[in-house]
Each structure stands twice: as C-alpha cells, then as structure tokens.
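Analysis of the macromolecular model
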Amino acid sequence: MNIFRAIYDLIILIVFILGIIKLINADYFLAFIWVILVPVLMLLPRNLYKINYIKKNYNYNLVNFYEILAFILLLTGISLPLGIKNINLDFDTFSHFLNLTLITIMFGVTYYIIFSYNYKQVNKTKVIIFALIFSLVFGVLLWEKFQYYGDKIFNTQMYYDLFQDIELDNFLDQLFGTIGVLTGVFILYNKLEDWIRKWKK
C-alpha cells in the first residue's frame, strides 16, 4: 500500500498543478475543482480517520478502501475534461456506470459507520435503501441538471457529446448511471458485512 499511497499523493499534486494552469487560463470552474475541491476530498479519508471514534473502532484498511475508490473516481473525473470525451469511445457513459457503482458503495459504507456510533446495530436494509435513494437522486437525476447548468453558467463542456445526439447521450448517461447504482447496491448487500468485519478492531 506504500506504493499506492505514493501514487495517490502524486496524482493529487498533479491535479493541483493542472488546476493552477486552469486558473492561469481563466478557467475558474475547473481551477476551483482541481485546486481546492479535489485535494480536500482526496485527503478526507485519512483526516477523518483521526476522529477518535473511527480510529478506536476501525483499522486503517477502512482508509485504504475509501482511497482506492476515490482514486478510481478521480481518474475517471479528470480524464473527461482532459480530452478523452472527444474520443469516439463513449467513455462518458461508461464513467456514469462506474462512478455511480463506486459512489453508491461509498454512501452505504459511510451511512453504516455514522449510524453505528456507540455500538448501535445498523439495519443492512436501511443502508441499502439510503444508498439507493441518495445515489439515484443526486448521482442520476440531479447530476445531468448540474452538467447542463454548469455549461450555461461556467462555460464548461460537460453536457454535450461530439458523437451522438445530446438527448440520446442524456438518456444513456441516466440509464447506465441507474445500472451503476443498482450494481453498487447489489455489491453492498453481498459484501458490506464482510467488509465491516475486516475493518473492525
């Protein structure tokens, strides 16, 4: 994991430098995301692990789990504005599936950790329902709206596709995003308890 941690930190630094370049080029939207938002979110798992309740009850594999998922999300996230969306591979649709799978898992695990405070029993069904609803609302339904208005307000190019009709692109993004949510829920249902046992001290 030491090699992974070094790569992880290096990627954060690279994204930060890219954000500075975007700032110089007056692309303030991506500059804000890459200079501030990405580093904060990427460093969040290891900083939250300093909380006494988490550190006392869970081993560091929990941090590794979050950082591996965050690393994959970052790679898919930065690849689109860096130009991969302009290649006729429909990577955008695939990224909706992959990202929503991972985000749903992260939502479910986070819900469990928060609500198991003081050794409370957490109902797995509630975890699944929360992850399902939260991911569908914010990751599928509202995300396309965010992309659309982001293009209008910040002059970005998130809500477009060079190779297919925008309505079809929107439909496929939401379809594969929904499939990703359901995949994440399926994984949570089958793996959550095993993960928790491995992370518990």
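A brief look at the structure comes next. (Residues numbered from 1 in each chain as written. Predicted model: local features only at pLDDT ≥ 70, side-chain atom pairs only at ≥ 80, totals over all residues. Heavy atoms only, no water.)

1. What about helix H1 (residues 2-24)?
Taking 1.5 Å of rise per residue, 23 residues should cover 33 Å, and H1 covers 33 Å from first to last C-alpha, within 8% of that figure. When we look at burial in H1, the residues that qualify are Phe4, Arg5, Tyr8, Ile11, Ile12, Val15 and Gly19. Just beyond H1, the residue with positive phi is alanine 26, at close to 65°. (Helix = DSSP H or I, 4+ residues; strand = E, 2+ residues; numbered from the N terminus. Expected span 1.5 Å × (residues − 1). Buried < 20%, exposed > 50% of the residue type's maximum accessible area, 1.4 Å probe, protein only.)

2. Quick notes on the environment of threonine 101
The residue threonine 101 is located in helix H5 (residues 91-115) in this model. With a relative accessible area of 7%, threonine 101 lands in the buried category. Counting along the chain gives 87 residues from threonine 101 to leucine 188, while the straight-line C-alpha distance between them is 9.9 Å. Look past the residues within four positions of threonine 101 in its chain and what remains in contact with it is Gly180, Val181, Thr183, Gly184 and Ile187. Within the local environment of threonine 101, its side chain forms a polar contact with the backbone oxygen of glycine 180, the two atoms lying 3.1 Å apart. (Contact = heavy atoms within 4.5 Å. Polar contact = N/O pair within 3.5 Å; in protein donor to acceptor, adjacent residues only side chain to side chain.)

3. Let's talk about the packing of aromatic side chains
Applying the stated rule across the entire model yields 16 aromatic pairs. Here phenylalanine 94 and phenylalanine 97 contribute two aromatic rings whose centre-to-centre distance is 6.5 Å and whose plane-to-plane angle is 40°, an arrangement assigned as tilted. One end of the pair, phenylalanine 94, and the other, phenylalanine 97, are both in helix H5, three residues apart, so they sit about a helical turn from each other. Linked through ring pairs, Phe107, Tyr111, Phe115, Phe130, Phe134 and Phe138 together constitute an aromatic cluster. Over the aromatic face of tyrosine 189 sits the side chain of lysine 124, whose NZ or CZ is 4.1 Å from the ring centroid. (Phe/Tyr/Trp six-rings, centres within 6.5 Å; stacked < 30°, edge-to-face > 60°. Lys NZ or Arg CZ within 6 Å of the ring centre and 35° of its normal.)

4. Observations concerning the pattern of salt bridges
For the coordinates displayed, the defined rule picks out five salt bridges. Notably, a salt bridge pairs arginine 46 with glutamate 67, separated by 2.9 Å at the nearest N-O pair. Here arginine 46, found in helix H2 (residues 28-48), pairs with glutamate 67, found in helix H4 (residues 61-79); they are 21 residues apart in sequence, far enough to count as distant. The buried category is assigned to arginine 46, whose relative accessible area is 18%. Judged by relative accessible area, glutamate 67 falls into the buried class, the value being 0%. Salt-bridge contacts for lysine 124 lead to glutamate 193; the nearest nitrogen and oxygen are separated by 3.6 Å. On the criterion of sequence distance, the pair formed by lysine 124 in helix H6 (residues 124-154) and glutamate 193 in helix H7 (residues 166-199) is long-range, its members being 69 residues apart. Salt bridges here are not isolated pairs; linked through shared partners, they connect Arg5, Asp9, Arg46 and Glu67. (Salt bridge = Lys/Arg side-chain N within 4 Å of Asp/Glu carboxyl O.)

5. Here we look at a nonpolar patch on the surface
On the surface, a cluster of nonpolar side chains totalling about 940 Å² of accessible area is made up of Leu10, Leu13, Ile14, Phe16, Ile17, Ile20, Ile21, Leu23, Ile24 and Tyr28. Broken down by element, the nonpolar patch gets its largest block of residues, nine residues, from H1. Within the element layout of this structure, leucine 23 appears in helix H1. (Patch = residues over 30% accessible without salt bridge, like charges linked within 9 Å, V, L, I, M, F, W, Y side chains within 5 Å. Areas by Shrake-Rupley, 256 points an atom, 1.4 Å probe, with all protein chains shown as cover.)

6. Notes on the side chain of histidine 96
For histidine 96, the location among the structural elements is in helix H5. A residue is classified by how much of its surface remains accessible, and histidine 96, at 6% relative accessible area, is buried. At a separation of 3.4 Å, a polar atom in the side chain of histidine 96 contacts the side chain of aspartate 173. The residues contacting histidine 96, other than those within four sequence positions of it, are Trp143, Glu144, Gln147, Asp173, Phe176 and Gly177.

7. Re the side chain of serine 135
Relative to the helices and strands, serine 135 resides in helix H6. Reaching out from serine 135, the side chain makes a polar contact with the side chain of threonine 104 at a distance of 3.0 Å. One polar contact links the side chain of serine 135 to the main-chain carbonyl oxygen of alanine 131, over a distance of 2.8 Å. In contact with serine 135, other than residues within four places in its own chain, are Leu100, Ile103, Thr104, Phe107, Val140 and Val181.

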